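The lines below spell out each chain.
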Amino acid sequence: MLYDLIARGLMESMDVGFFNKELWKSVSTSGGWLFGVIGALLSFCDFKEMIRSWMLVGFIIFMIIFYLYKLISANLIRKIGLKVGNSEIVIKQGDIFSDKYYNNKKFIKVFAFNEYFDTKVDDEIISHSSLNGQFIDNKVDSVSQLDASIDGDSRLEHRHKLQINSDRHSGKKIKYELGSIHKFSEDVFLTALTHFDEKNRAYLSIQDYVKFLINFWDEIDEFYAGRTVVITLFGSGITRLDHDRYESTEILDTILWTFKLRRIKFKKPTKLVILLDKDTNKEINYFQLRSQFYGLQK
């Protein structure tokens, strides 16, 4: 019984299972070359029957060990790098508020807000535990000045303002286009990610999510100025994403494909860093991502 419990626990913690098709394909390709070499030796060299048998047994044992090694390696991947044109994408665990990123002017840090760019952190409109809640609580000296900056942003006003929602009882009234960006500072940007319903709950259809990403990449293309852009896993905390629960790997997959399909051609080679928290990083099936974006790997 103890063995069964341990085995079951291991299986549940593995992103890549024993019978993963891509893993089998990868191992069989490598094994095919070795099998071909052994077959050639057996065909052209006069080995004794015992030696032939041991060579075949050795091949089988080697392939089992090799498969287990590849299986363990696939489940231990916690970081990958990809190339899209002249752009480099790095996906890894990290904290956007750490000194390494937040206090480094070479990095553009992006925080997701709702379509109203609400700034009231009261656990109703914005949760204190959310990323933008932490940003406002810890990094914004004056919320009133931030509100004035957003309201006075002529670019938002003329290019991304959608309507004024006079019926909204709490929070701001002006609604902006998803993906639009407000420059909090030269290296900290705010972006409109989610819709908000009448009960101040974030929601988003998968179509709107894709639209957000495409608009966001276009906005970044105007603002980035050759610097590294640092984002988190946009949308991972939205439970009302098409009234369904999307896996972190699926969300990351969507981010990568929109980046690729948008075919952003930066004037200079640049870098996109996608930071994941510890728990989310464990959920990501990096082996699957590497398989899907094989041609983009560094």
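Conventions and cut-offs
- Residues numbered from 1 in each chain as written.
- Predicted model: local features only at pLDDT ≥ 70, side-chain atom pairs only at ≥ 80, totals over all residues.
- Heavy atoms only, no water.
- Buried < 20%, exposed > 50% of the residue type's maximum accessible area, 1.4 Å probe, protein only.
- Helix = DSSP H or I, 4+ residues; strand = E, 2+ residues; numbered from the N terminus.
- Arc of directions from axis to C-beta.
- Contact = heavy atoms within 4.5 Å.
- Patch = residues over 30% accessible without salt bridge, like charges linked within 9 Å, V, L, I, M, F, W, Y side chains within 5 Å.
- Areas by Shrake-Rupley, 256 points an atom, 1.4 Å probe, with all protein chains shown as cover.
- Salt bridge = Lys/Arg side-chain N within 4 Å of Asp/Glu carboxyl O.
- Pairing = 2+ DSSP bridges.
- Expected span 1.5 Å × (residues − 1).
- Lys, Arg positive; Asp, Glu negative; His and termini not counted.
- Charge placed at Lys NZ, Arg CZ, Asp CG, Glu CD.
- Phe/Tyr/Trp six-rings, centres within 6.5 Å; stacked < 30°, edge-to-face > 60°.
- Lys NZ or Arg CZ within 6 Å of the ring centre and 35° of its normal.

Caption draft 1: Spotlight on helix H5 (residues 143-151). Residues of H5 that are buried: Leu 146, Asp 147 and Ile 150. For H5, the angular spread of the buried residues around the axis is 100°, confining them to a single face. Exposed and facing more than 90 degrees away from the buried side of H5 are Ser 144 and Gln 145. The inward-facing, buried residues of H5 contact helix H6 (154-160), strand S5 (174-176), strand S6 (181-183) and strand S7 (188-196).

Caption draft 2: Up close: a nonpolar patch on the surface. Residues Met 50, Trp 54, Val 57, Ile 61 and Ile 65 make up a contiguous nonpolar surface patch of about 560 Å² in total accessible area. Its place among the elements puts Met 50 in helix H3 (residues 49-76). A relative accessible area of 57% means that Met 50 is categorised as exposed.

Caption draft 3: Geometry of the pattern of salt bridges. Within the structure shown, the criterion is met by 10 salt bridges. A salt bridge links Arg 155 to Glu 219, with the nearest nitrogen and oxygen atoms 2.5 Å apart. Here Arg 155 is found in helix H6, whereas its partner Glu 219 is found in helix H7 (residues 206-223), with 64 residues between them in sequence. For the pair Arg 155 and Glu 219, a shared accessibility class is recorded, and that class is buried. We note a salt bridge from Glu 222 to Arg 155, for which the minimum N-O separation is 3.1 Å. With Glu 222 in helix H7 and Arg 155 in helix H6, this residue pair connects regions lying 67 residues apart in the sequence. Judged by its relative accessible area of 47%, Glu 222 is partly exposed.

Caption draft 4: The pairing of S7, seen in detail. Counting buried positions along S7 yields 9 of 9 residues, so the element is predominantly enclosed. Pairing between strand S3 (residues 107-114) and S7: 6 bridges, direction parallel. By the bridge assignment for S7, Lys 109 is matched with Val 188. Pairing of S6 with S7, which is carried by 3 bridges, proceeds in the antiparallel orientation. Residue pairing for S7: Ile 181 is matched across the bridge by Thr 191. Counted between consecutive antiparallel strands, the loop separating S6 from S7 contains 4 residues. Summarising the sheet, S7 and strand S8 (residues 202-203) pair through 2 bridges and their orientation is antiparallel. Paired with His 195 across the two strands is Tyr 203, which belongs to S8. Linkage of S7 to S8, two consecutive antiparallel strands, is achieved through a turn of 5 residues, within which Asn 200 is found at a positive phi near 60°.

Caption draft 5: A look at helix H8 (residues 248-262). For H8, built from 15 residues, the straight-helix expectation of 21 Å at 1.5 Å per residue is met to within 8% by its first-to-last C-alpha distance of 21 Å. Within the span of H8, buried status applies to Ser 248, Thr 249, Ile 251, Leu 252, Asp 253, Thr 254, Ile 255, Leu 256, Thr 258 and Phe 259. Taken together, the buried residues of H8 touch strand S1 (80-84), strand S2 (87-93), H7, strand S10 (270-276), helix H9 (278-283) and helix H10 (286-292).

Caption draft 6: Quick peek at a negative patch on the surface. A surface patch of negative charge is lined by Glu 247, Glu 250, Asp 277, Asp 279 and Glu 283. Examined against the element boundaries, Asp 277 turns out to sit in the loop between S10 and H9.

Caption draft 7: Fine view of the packing of aromatic side chains. All told, the structure shown has 16 aromatic pairs when counted by the stated rule. Relative to Tyr 102, the ring of Phe 97 has its centre 6.2 Å away and its plane inclined at 40°; by these criteria the two rings are tilted. You can call Phe 97 buried: its relative accessible area is 15%. A connected cluster of aromatic rings, assembled from ring pairs, spans Phe 97, Tyr 102, Phe 111, Phe 113, Phe 117, Phe 135, Tyr 176 and Phe 184. Above the ring of Tyr 102, the side-chain terminus of Lys 139 is found at 4.6 Å from the ring centroid. Over the ring of Tyr 116 we find Arg 168, and its NZ or CZ is 3.9 Å from the ring centre.

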